[in-house]
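Below, each chain spelled out in residue letters.
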Amino acid sequence: MRRIIGLTVVLTFLSACSTFNEWRRPASFGRDLSGTYLGVADYKFGRKGPNKAATRIYLNEVEGERGSYHAVLLEYVNLLDMAPEYVAAAKAPAINKVIGYLKNITRKISVYKVIPTEVDGTLNMFPMHVAGNDIVANMDSIARKLVLNKNKGLKHPLEGARITGPSNEKKFQEIFFPMKDDKKHNGIQYSLANFIYTKVGLDSTWRKSFLPGPYLSAYGRLNDEVLTLSSQDNKHFYEFKINLAMSTDRSKRRRERMFTNKKSAFLKGKFDVIEPHDGMFLAIPTEAETQTKNIMEGRIGLFIDIFDATEALNQDVVELVLVDPAHPEDFLMYYEHPDNGNGEQ
């Protein structure tokens, strides 16, 4: 019954979008790949969750390196499961107290540097990691390959493209980006997301700016601010807080379940924030507890509005994601207060 309800509401309110930039200047096959694209992660049988999971890639051309890109690759959770919490938070927040607050949007998030190879139309995808106060590509790792469709007249630059899986990841086959009129079975997750974004008109954006303001433990839980972002004199800061009003009289386990990642439950302290690359942030501890420092070490901060309803529903809630490059499923996620106004309050 829950899945039937979820399907009904998601077809009405939920969306994921693929934004396609104009092909402005030459890259591989003469295409600028910058933008965001919806695809399918095609797994082997026996995997927990949908074997054909909706997946999104965001590509941002590297400044000064024409034809190379920074990429964020994320895989959605089961859209049918998350739909009731999302719709309730957007349309009837009081219901969240009964059915729960939205805190699980994606299953895993990875960050890559995408570099052209000698073979036109094929690019290597090297995972990025933190090295001191910089974020660099691990050129010694096993690269995935982004293989573009050679055909002309495509709807967008990644139509018909595929991303191969590294040989050491047994359950991963490939990610593919469906053709407009192909007959291939793309799975209910992709079909659902694709249908809705074209009907509702939501977007999905990787924001390149640092967005100050209050951030919440879950989407729509307005009384649970746990992180404050601020800027002063072109410097940026994180401050993690323990919300005593929400923590008192609750067990440790119950409090942990209120977050996307249980590691977020008891973070406390202040960090300076630097931006080694456009849209990628690092936290440098200043007054943080040891446990908080350890959890935050090596994480890459990204501002992503996974379901960007700014135009369609006049809702603007950005997620701050703190990614562990070595463990794509171990990310921290915080939800911008809906009244923040894109970091303007």
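Residues numbered from 1 in each chain as written. Predicted model: local features only at pLDDT ≥ 70, side-chain atom pairs only at ≥ 80, totals over all residues. Heavy atoms only, no water.

**Student:** How do you make sense of the pattern of salt bridges when you look at a structure like this?
**Tutor:** Pairs can form between side chains of opposite charge once their charged atoms are near each other. Per the counting criterion, the structure on display carries 12 salt bridges. Across the salt bridge formed by Asp-330 and Lys-263, the nearest N and O atoms sit 2.8 Å from each other. Here Lys-263 lies in the loop between helix 6 (252-256) and strand 14 (269-277) and Asp-330 lies in the loop between strand 17 (319-323) and strand 18 (332-336), a separation of 67 residues in the sequence. A relative accessible area of 14% places Asp-330 in the buried class. Overlapping salt bridges bring together Glu-75, Arg-107 and Glu-329 as one network. (Salt bridge = Lys/Arg side-chain N within 4 Å of Asp/Glu carboxyl O. Helix = DSSP H or I, 4+ residues; strand = E, 2+ residues; numbered from the N terminus. Buried < 20%, exposed > 50% of the residue type's maximum accessible area, 1.4 Å probe, protein only.)

**Student:** Help me out: how do you make sense of a nonpolar patch on the surface in this one?
**Tutor:** Taken together, the side chains of Ile-95, Val-98 and Ile-99 present a nonpolar region at the surface, about 270 Å² in accessible area. Tracing the sequence through the fold places Ile-99 in helix 3 (residues 96-99). Judged by relative accessible area, Ile-99 falls into the partly exposed class, the value being 32%. (Patch = residues over 30% accessible without salt bridge, like charges linked within 9 Å, V, L, I, M, F, W, Y side chains within 5 Å. Areas by Shrake-Rupley, 256 points an atom, 1.4 Å probe, with all protein chains shown as cover.)

**Student:** Looking at this structure, how should I read helix 4 (residues 188-200)?
**Tutor:** Side chains that are three or four residues apart share a direction in an α-helix, a result of its 3.6 residues per turn. With 13 residues, helix 4 extends 18 Å from end C-alpha to end C-alpha; this agrees with the ideal 18 Å at 1.5 Å per step. What helix 4 keeps buried is the set Gln-189, Tyr-190, Leu-192, Ala-193, Ile-196 and Tyr-197. Relative to the axis of helix 4, the buried residues are bounded by an arc of 165° and lie together on one face. Gly-201 sits one or two residues past helix 4 and shows a positive phi near 85°. (Expected span 1.5 Å × (residues − 1). Arc of directions from axis to C-beta.)

**Student:** What is the right way to read a positive patch on the surface from this model?
**Tutor:** A surface patch of like charges, here positive, comprises Arg-253, Arg-254, Arg-257 and Lys-262. Look at Arg-257 and you get exposed, because its relative accessible area is 52%. (Lys, Arg positive; Asp, Glu negative; His and termini not counted. Charge placed at Lys NZ, Arg CZ, Asp CG, Glu CD.)

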